Amino acid sequence: MSETAGMILCGGFGKRLRPITEKIPKPLVEIKNEYTILDKQLFDFKNAGVEDVYLLTGFLNEKIKERYGNQYKGVNVHYVIEDEPLGTLNAIRLGMEAIDGYNQSIIRNGDVVADLNIKKMIEQGQKSDYPLSIFITQMQSPYGIVETSGDKLVSFKEKPFLDYYINGGVYFSKGKLDFGEFKIGDIEKTLFPLMAKENKIGFYKENNLFWMAIDTNKELETVRKEYENRTDKPWGYEKVLVYTDKYLTKELFIKESYQTSFHFHDKKDETMYIISGAGYIEFNDKKEYFGKNDTIRIEPKEQHSIVATENTVLHEVSTPYLDDTIRVNDYFYTR
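Residues numbered from 1 in each chain as written. Predicted model: local features only at pLDDT ≥ 70, side-chain atom pairs only at ≥ 80, totals over all residues. Heavy atoms only, no water.

1. Points about the pairing of strand β17 (residues 248-254)
Within β17, 7 of the 7 residues are buried, which leaves it mostly tucked inside the rest of the structure. With burial as the criterion, each face of β17 is covered, one bearing Leu248, Lys250, Leu252 and Ile254 and the other bearing Thr249, Glu251 and Phe253. Linking strand β16 (residues 236-243) back to β17 in an antiparallel pair, the connection comprises 4 residues. Judged from the 7 bridges that link them, β17 and strand β24 (residues 312-318) form a sheet pairing that is antiparallel. The residue of β24 that forms the bridge with Phe253 is Val313. (Buried < 20%, exposed > 50% of the residue type's maximum accessible area, 1.4 Å probe, protein only. Helix = DSSP H or I, 4+ residues; strand = E, 2+ residues; numbered from the N terminus. Pairing = 2+ DSSP bridges.)

Quick look at the structure:
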């Protein structure tokens, strides 16, 4: 059994997403056809080895129960229902009372879609000297910015990442939190600032990955655009960039210490262009290591798996056989 219980905050009203959230809670909003925010979060927990997930619910909790029941794709689902909405602090307090048999917990806001490596965050949190670790991510400007020199404008940058970090809405606790005098309110405005002053909070950081907290229709549309041609995988994601009758280009993101299935293509002849990261291609009889800007060709019928030793983004350019993948062996966890 995993040492860590998962919790997902699912009790908000999602007022700024109305009318969508008048009949369903925000975590059940679809980011792709028949694929909800909560589907993605449970999928991520499963592939990080988190077997028991506690959904901290309230508003329209029956809709969540109806969809997930007691088990969803290999995850044991438990429900903690807050009868009256008293803020995230009370919801997490109730969750910590419910995770019988667990001390450690990984807690997520129920409206965040992100590609962070949860397994790595847990491992780092377990080794940390701090009782609580918070995932932080680089803030991306909501606007394009301009650069100036003297009295002239010299360049434009479209929504760059800034030299500031924000709370990414994912928390790892090594034990049960001491809530002290706090009973209600948002944990980010009550307990966390106090713990920070007492030097009790560390952080886990990953940069240049997709992260979005869905609070408004604009953010929902951003996530839906990201998912137009994207499929989440146990190791990351696969996204179709170009598909014509002459060639196919996919983007693959593979999380650090994860790997794709061991597979081959019956007809597809492909070339991998490494955009960022590092790792190796494992063949039947050899390993071929790669780094940024490397190119690797893989011929039809050649069995292989892509192993990432760092977060890796690559572009796979091939002949146009979209579904020509035969899996020999699957790897759902780390290498």
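Once the structure has been displayed, the description carries forward.
2. Comments concerning the sheet that holds β17
Taken together, 6 strands build an open sheet; the order of strands is β15-β16-β17-β24-β19-β22 and the sheet is antiparallel. The sheet terminates laterally at β15 (230-233) and β22 (295-298), the two strands that pair on one side only. Across the sheet, the axes of successive neighbouring strands diverge by a mean angle of 25 degrees, strand direction being ignored. As defined by bridge partners, strand β19 (residues 270-276) adjoins β24 across 6 bridges and the pair is classed as antiparallel. Paired with Ser276 across the bridge in β24 is Val313. (Axes fitted to C-alpha atoms, helices over the stretch in contact; angles between N-to-C directions.)

3. Some details on the nonpolar core
Nonpolar side chains in soluble globular proteins generally cluster together in the buried interior. Counting residues in hydrophobic clusters, the biggest one holds 42 residues, and the most contacted among them are Leu38, Leu42, Leu55, Ile106 and Leu116. Here Leu42 is in contact with Ile8, Val53, Leu55, Tyr68, Tyr72 and Val75, once residues within four sequence places are set aside. With 23 residues, the next largest nonpolar core counts Ala5, Leu89, Ile92 and Phe179 among its residues. (Core = buried A, V, L, I, M, F, W, Y, C linked by side-chain atoms within 4.5 Å. Contact = heavy atoms within 4.5 Å.)

4. Brief notes about the packing of aromatic side chains
For the coordinates displayed, the defined rule picks out 6 aromatic pairs. Ring geometry for Tyr35 versus Tyr227: centroids 6.0 Å apart, planes at 50 degrees, classification tilted. Within this pair, whereas Tyr35 is found in strand β3 (residues 35-36), its partner Tyr227 is found in the loop between α6 (217-226) and β15, the two being separated by 192 residues in sequence. With respect to burial, Tyr35 and Tyr227 carry one shared label: buried. The ring of Tyr79 has Lys65 sitting right over it, with the charged end atom 5.7 Å from the ring centre. (Phe/Tyr/Trp six-rings, centres within 6.5 Å; stacked < 30°, edge-to-face > 60°. Lys NZ or Arg CZ within 6 Å of the ring centre and 35° of its normal.)

5. A word on the pairing of strand β9 (residues 132-140)
A regular strand places its side chains on the two faces of the sheet in alternate fashion. The element β9 is largely enclosed, with a buried count of 7 among its 9 residues. Pairing geometry for β9 and strand β13 (residues 201-205), over 5 bridges, is parallel. Bridge assignment links Phe135 to a residue of β13, and that residue is Tyr204.

6. Thoughts on the layout of surface pockets
Estimated volume of the largest pocket: approximately 870 Å³. Gly12, Lys26, Thr88, Asp111 and Asp186 are, among the 35 residues lining the largest pocket, the residues nearest its centre. Breaking the lining of the largest pocket down by element, the ones donating at least two residues are β4 (52-57), α3 (88-98), β12 (161-173) and β14 (211-213). Ranked by residue count, the leading element in the lining of the largest pocket is β12, at 4 residues. Size it by volume and the second largest pocket reaches roughly 630 Å³. The wall of the second largest pocket is formed by 18 residues, among which Gln140, Ser141, Pro142, Trp211 and Met212 lie closest to the centre. With 4 residues, β9 is the largest single contributor of residues to the lining of the second largest pocket. Partitioning the lining of the second largest pocket into residue classes produces 9 nonpolar, 6 polar and 3 charged. (1 Å grid on protein atoms, 1.4 Å probe; cavity = no way out; pocket = protein on both sides within 12 Å on 5 of 7 lines; lining within 4 Å. Points joined across faces, edges and corners; volume = space filled by probe spheres on them. Nonpolar A, V, L, I, M, F, W, Y, C, P; charged D, E, K, R; others polar.)

7. Topic: the side chain of Lys40
Structurally, Lys40 is set in helix α1 (residues 37-46). Sequence-distant contacts of Lys40, that is, excluding residues within four places in its chain, are made with Ile31, Tyr35, Val113, Ala114, Asp115, Tyr227, Arg230 and Asp232.

8. Re empty space enclosed by the protein
Per the counting criterion, the structure on display carries 1 cavity of 30 Å³ or more. A volume near 40 Å³ is recorded for the largest cavity. If you go around the largest cavity, the residues you meet are Asp44, Asn47, Ala48, Asn117, Ile118, Lys119, Lys255 and Tyr258. Across the lining of the largest cavity, the residue classes break down as 3 nonpolar, 2 polar and 3 charged.

9. A short note on the pattern of salt bridges
According to the stated counting rule, one finds 21 salt bridges in the structure shown. Residue Glu226 is joined to Arg230 by a salt bridge in which the shortest nitrogen-to-oxygen separation is 2.8 Å. Accessibility assignment for this pair places Glu226 and Arg230 in one class, buried. The closest approach of N and O atoms between Glu226 and Lys239, which form a salt bridge, is 3.1 Å. Of the two residues, Glu226 is situated in helix α6 and Lys239 in strand β16; the sequence distance between them amounts to 13 residues. Each member of the pair Glu226 and Lys239 is classed as buried. One network of salt bridges, with partners in common, ties together Lys40, Asp44, Arg108, Asp115, Glu226, Arg230, Asp232, Lys239 and Glu251. (Salt bridge = Lys/Arg side-chain N within 4 Å of Asp/Glu carboxyl O.)

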